[in-house]
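Examination of the molecular architecture
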Amino acid sequence: MANKVEVIGVSKYFMRNGKEIVAMQDTSLFIEEGRFVSIIGPSGCGKSTLFNIIAGLMPPSTGKVMADGQNIVGKTGYVGYMLQKDMLLPWRTILDNIILGMEIRGVPKKEATARALPLMEKYGLKGFENHYPKELSGGMRQRAALLRTILYDRDIILLDEPFGALDAQTRLMMQNWLLQIWEDFRKTVLFVTHDIDEAIYLSDDIYVFSARPGRIKAKITVPMARPRTQSDMTSPEFTELKQRLLDLLSEEVRIAEASERIS
Amino acid sequence: MASSLTNEAVASPVGIEAAEREESLVRKERPVIQDPEALERSHRRNVMWWRIAVGMLLIVGWEVFTTIGWMDSYYWSSPSMILQTAWVQALKGNLLGDILYTSGSTILGFVLGTLGGAILGLTFWWSRKYAEVCEPYLVILNAMPKLALAPVLVILFGIGFTSKVALAIAMTVIVGAISAYSGVKSVDADMEKLMYSLGAKRWQVFTKVVIPWSMPWIISSLRINIALALAGAIVGEFIASREGIGRMILYAGTILDINLVWVGVVVLSILSMIMYGGVVLLERKLMKEFNK
């Protein structure tokens, strides 16, 4: 299969307080079409920087980003991007929020609504069309935010810790919900998380990032078959993989802490 | 209850009596329902009656003290005299026309000044450099007493309606601009980021995020601005005018008609209260729209 997304030799350097900071160094990712790929690493390892670069919101210091064989450095609107905060506009109804991406692209409102309504019904937002974001729970708001991203209709979707602010139970429900959506749409997904369980449960591949300067320390393919169910989370292969990731990560967290103490 | 009876019956007949006695004791007591809303309602009613009573007391006291001579009615006039003078002025003078003139220039100046100021403040979103170059001048203009400009504006725009509107605009425009600029500065950067990631152009971010986001700040300037606009219009009439409540007060003062001065003061108070009430209503409506 051809690579859908290629991040080739990307680095990012910042100046802060007159000192040069390496946020990311020589990072390369090759992601096949339709894969669900997670990125985990200690905080401050440049995961968000990577996403900003792929989304075209920030230029890299070196390297390039290819999508469908085309250089997309500095080009916005090529990927769907969802942040931890739901970023729903508070003065718009849920429906009007969900069609925002289409509205920006100039899709007529009627057509956009006609496309959004069946999806809202299918993915558990029926009856909330005319509610305002404030009236919804955190989980429901994230659903709306994700549907907005899906309806923006890009093949590639970046999810930056979308469930980080949810409680454990809602989170599990949302993970299953996300898997259902992903299986229906088969988009290529890049998913940043701190949660090892979440990464294993959802992903085909997991990239482990090292502490600052961020670079890829390991790429692990999750061998579990799909569709996955919650019982997979207690299977021996799951536990084994979790142990491996824990070892890799705790080493990085130690390094990150040590470097913080020095500086 | 049926099940509890049979259970007790199995245990002992004495147990039944004890249970019934207990039940009847419990039943006798009426539940006390805590109703904070009813308490709040009665509190509000109470406060309203007290307010009315205080108002009446002040007016009656004013009337009585001026009648028995504890207050000099030459300076303080009296409610009955004010009412009488107002009646005469309404019939023989041009009280209604003056009220329309003053409220007209106030409202027009308020709308133009607030709107113009808000638009100016919103433009600061487009360029940080432009905004920060302008910022100190905005602060200076805000600190400057605009009323001191009144003679210049009257010379510029003549003694007619225009100069009053111009003064009301001068009073309100900077407040409007500063409020809108505060709103613009507080726009969530992540919200803008999301819009750009959805492929939005700058003007789309401006119309879909920046303007609605800043609305609560703009709305909060309305209350201050209506009072400022009225002050501007009246000072404009003080400087030079053929009409308006301000001119009426100035004229009454020069001919030592203190009663008529008081009529002007009372009319202006009522006018200002009505306009303030209108703005509060408008504010509520707008806030419902933009501050979900």
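The structure reproduced in this document is the subject of the present report. (Residues numbered from 1 in each chain as written. Chains lettered and ligands numbered in written order. Predicted model: local features only at pLDDT ≥ 70, side-chain atom pairs only at ≥ 80, totals over all residues. Heavy atoms only, no water.)

Take the sheet that holds strand S5 (residues 70-71) of chain A next. Residues and elements named next belong to chain A. Taking strand neighbours across the sheet as the criterion, the four strands line up as S2-S1-S4-S5 in an open arrangement whose pairing is antiparallel. The open sheet has two edge strands, strand S2 (19-32) and S5, and neither has a second partner. Where strand S1 (residues 3-16) meets strand S4 (residues 62-67), five bridges bridge the pair, whose relative direction is antiparallel. The residue bridging valine 5 from the neighbouring strand is alanine 67, located in S4. Strands in contact with helix H1 (residues 47-54) are S1, S2 and S4; relative to S1, the strand with the most contacts, it is inclined by about 120 degrees. (Pairing = 2+ DSSP bridges. Helix = DSSP H or I, 4+ residues; strand = E, 2+ residues; numbered from the N terminus. Contact = heavy atoms within 4.5 Å. Axes fitted to C-alpha atoms, helices over the stretch in contact; angles between N-to-C directions.)

The subject of this paragraph is the interface of chain A and chain B. The partner chain B presents 19 residues to the 22 residues of chain A that form the contact. Across the interface of chain A and chain B, roughly 2000 Å² is buried in total on both sides, 68% from carbon and sulfur atoms. When residues of chain A are sorted by the area they lose upon contact with chain B, A:Met87, A:Trp91 and A:Ile104 head the list and together hold 35% of the total. Taken together, the links from chain A to chain B amount to three salt bridges. Of the charged contacts in the structure, one is a salt bridge between A:Glu103 and B:Lys208, with a shortest N-O distance of 2.6 Å. One can count six residue pairs in polar contact (both at pLDDT 80 or more) joining chain A with chain B. Looking at the side of chain A that touches chain B, its residues break down into 13 nonpolar, four polar and five charged. (Buried area = accessible area lost by both parts, 1.4 Å probe. Salt bridge = Lys/Arg side-chain N within 4 Å of Asp/Glu carboxyl O. Polar contact = N/O pair within 3.5 Å; in protein donor to acceptor, adjacent residues only side chain to side chain. Nonpolar A, V, L, I, M, F, W, Y, C, P; charged D, E, K, R; others polar.)

Our focus in this paragraph is the sheet that holds strand S9 (residues 205-209) of chain A. All names here are of chain A. Strand order across the open sheet formed by six strands is S6-S7-S8-S3-S9-S10, with mixed pairing between neighbours. Where the open sheet ends on each side, the last strands, each with one partner, are strand S6 (80-82) and strand S10 (216-221). The average angle at which neighbouring strand axes cross in this sheet is 15 degrees, direction not considered. Alignment of S6 against strand S7 (residues 156-160), held across three bridges, turns out to be parallel. Note on S7: the bridge partner recorded for glycine 80 is isoleucine 157. Packing against the sheet, helix H5 (residues 138-151) makes contact with S6 and S7, and its axis sits at approximately 165 degrees to S6.

What follows covers the side chain of B:Gln204. In this fold, B:Gln204 is placed in helix H11 (residues 202-239). The class of B:Gln204 is buried, set by a relative accessible area of 7%. Looking at B:Gln204, its side chain comes within polar contact range of the main-chain nitrogen of B:Lys201, at 2.9 Å. For B:Gln204, the contacting residues outside a window of four places in its chain are A:Ile104, B:Met195, B:Gly199 and B:Val209. (Buried < 20%, exposed > 50% of the residue type's maximum accessible area, 1.4 Å probe, protein only.)

Turning next to the nonpolar core. With 74 residues, the main nonpolar core has A:Val7, A:Ile39, A:Leu50, A:Ile54, A:Leu158, B:Val210 and B:Val263 as its most contacted residues. The element contributing the most residues to this core is H11(B), with 13 residues. When neighbours within four sequence positions are excluded, A:Leu50 is seen to be in contact with A:Val7, A:Met24, A:Leu29, A:Ile39 and A:Phe209. Ranked by size, the runner-up nonpolar core spans 51 residues in total, among them A:Tyr123, A:Ile157, A:Leu178 and A:Leu202. (Core = buried A, V, L, I, M, F, W, Y, C linked by side-chain atoms within 4.5 Å.)

A word on the packing of aromatic side chains. Applying the stated criterion across every chain, the model contains 17 aromatic pairs over all chains. When the centroid spacing of 6.4 Å and the interplanar angle of 80 degrees are considered together, the rings of A:Trp91 and B:Trp213 count as edge-to-face. With A:Trp91 in the loop between S6 and helix H2 (94-98) and B:Trp213 in helix H11, this residue pair bridges two chains. Aromatic ring contacts, followed pair by pair, group A:Phe36, A:Phe163, A:Trp182 and A:Phe191 into a single cluster. Between A:Arg154 and the ring centre of A:Tyr152, over which it is positioned, the NZ or CZ distance is 4.8 Å. Just above the ring of B:Trp125 sits the side chain of B:Arg202; from NZ or CZ to the centre is 4.6 Å. (Phe/Tyr/Trp six-rings, centres within 6.5 Å; stacked < 30°, edge-to-face > 60°. Lys NZ or Arg CZ within 6 Å of the ring centre and 35° of its normal.)

Moving on to a nonpolar patch on the surface. All names here are of chain B. On the surface, a nonpolar cluster with roughly 490 Å² of combined accessible area is contributed by Leu141, Met144, Leu149, Val152, Leu156 and Phe157. Secondary-structure assignment places valine 152 in helix H8 (residues 150-157). Overall, valine 152 belongs to the partly exposed group, its relative accessible area being 44%. (Patch = residues over 30% accessible without salt bridge, like charges linked within 9 Å, V, L, I, M, F, W, Y side chains within 5 Å. Areas by Shrake-Rupley, 256 points an atom, 1.4 Å probe, with all protein chains shown as cover.)

Right, let's get into the environment of B:Val280. Residue placement: B:Val280 occurs in helix H13 (residues 258-290). With 57 residues separating them along the chain, B:Val280 and B:Arg223 place their C-alpha atoms 7.1 Å apart.

Along its 33 residues, helix H3 (residues 36-68) of chain B runs 47 Å from first to last C-alpha, staying within 8% of the 48 Å computed at 1.5 Å per residue. Phi turns positive one or two residues past the end of H3(B), at B:Gly69, with a value near 90 degrees. (Expected span 1.5 Å × (residues − 1).)

The next point concerns the packing of helix H10 (residues 189-197) of chain B against H11(B). Residues and elements named next belong to chain B. Relative orientation of the contacting elements H10 and H11 amounts to 150 degrees, with a least axis distance of 10 Å. For the crossing formed where H10 meets H11, the hand is right-handed. Contact residues: Met191, Glu192, Met195 and Tyr196 in H10; Arg202, Gln204, Val205, Lys208, Val209 and Trp213 in H11. Across the contact of H10 with H11, the residue classes break down as six nonpolar, one polar and three charged. (Left-handed = near helix turned anticlockwise from the far one by under 90°.)

Residue and element names in this part refer to chain A. The pairing of S1 with S2 spans 10 bridges and is antiparallel. Across the sheet, the residue bridging to methionine 15 is glutamate 20, located in S2. Here S1 folds back onto S2, and the loop between the two strands holds two residues, one of which, asparagine 17, carries a positive phi near 50 degrees.

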